[in-house]
Amino acid sequence: MPNNSLQISRRRFVHLAALATLFPVAACQTIGPAGNGTGASGSASANINNIRTGNGLSGLVSDAALERAAGQQAAYMAKAGRMVHTTGWGKSFEARVKDNEIHGAAAENIAMGRMDIDRLFAMWMASPPHRRNMLDARFKRYGLAYAEAKGGGGERYWALVLAS
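Residues numbered from 1 in each chain as written. Predicted model: local features only at pLDDT ≥ 70, side-chain atom pairs only at ≥ 80, totals over all residues. Heavy atoms only, no water.

**Q** When you look at the nonpolar core in this model, what are you seeing that I'm missing?
**A** Nonpolar side chains in soluble globular proteins tend to be buried together. Of all hydrophobic cores here, the largest spans 21 residues; its most connected members are Phe121, Trp124, Met134, Leu144 and Trp158. Elements with a minimum of two residues in this core: helix H2 (40-53), strand S2 (106-113), helix H5 (117-126), strand S3 (141-148) and strand S4 (156-163). At 5 residues, the largest contribution of residues to this core is made by H5. Excluding its chain neighbours within four sequence positions, the residues that come into contact with Phe121 are Ala44, Asn47, Ile48, Ile51, Met134, Leu144 and Leu160. Core analysis: the second largest hydrophobic core is formed by 18 residues, Ala74, Phe93, Ile102 and Ala147 among them. (Core = buried A, V, L, I, M, F, W, Y, C linked by side-chain atoms within 4.5 Å. Buried < 20%, exposed > 50% of the residue type's maximum accessible area, 1.4 Å probe, protein only. Helix = DSSP H or I, 4+ residues; strand = E, 2+ residues; numbered from the N terminus. Contact = heavy atoms within 4.5 Å.)

Encoded structure:
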């Protein structure tokens, strides 16, 4: 009879070893501090909460795990130069949520362009699917991030992750 605790330990070791070898590659894919909009959640608090309370819903709380997930997607889109919910290495939104240990209902809004946070939220509210995500009563937390386009020029790739 196999020793399950030993198998789990080996599995974790292999997983950690694989992650350790991928870390330098992942680090190369980041946008860098100058164009990195991780931390944008705090700047969006008034926007998202005004939208929600104006529609009879409770406000949302900024969440570090959701912001990290949003930052990963924004950085991927900026590097790829395109707006997508699935990354080039095959990570769907559902897989990224699971990888970031986000549990329960979740949704993602993405955008690209030269805009400030006010314009960004106005655009999302004008789009029925994005509006529906932001006004989903199940959601209690959010994370917002952006990454500068690799060519510069002020163009940003934005990602908003919402979760229960």
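Anyway, onward from the coordinates.
**Q** Could you clarify how one ought to interpret the pattern of salt bridges in this entry?
**A** Pairing between side chains of opposite charge can happen when the charged atoms of each approach one another. What the rule picks out here adds up to 3 salt bridges. Of the charged contacts in the structure, one is a salt bridge between Arg141 and Asp63, with a shortest N-O distance of 3.1 Å. With Arg141 in strand S3 and Asp63 in the loop between strand S1 (61-62) and helix H3 (64-80), the pair connects residues that are 78 residues apart, well separated along the chain. The buried category is assigned to Asp63, whose relative accessible area is 16%. (Salt bridge = Lys/Arg side-chain N within 4 Å of Asp/Glu carboxyl O.)

**Q** Would you take a moment to explain H2 for this structure?
**A** Helical geometry note: an α-helix holds 3.6 residues per turn, so side chains three or four residues apart project in the same direction. Taking 1.5 Å per residue as the helical rise, H2 with its 14 residues ought to reach 20 Å, and the 20 Å between its terminal C-alpha atoms agrees with that figure. Its axis deflected by about 35° at Ala46, H2 carries its strongest bend there. Among the residues of H2, Ala40, Ser41, Ala44, Asn47, Ile48, Asn49, Ile51 and Arg52 are the ones counted as buried. Buried residues in H2 make contact with S1, H3, H5, helix H6 (128-134), S3 and S4. (Expected span 1.5 Å × (residues − 1). Bend = angle between axes of the 7 residues up to and from the residue.)

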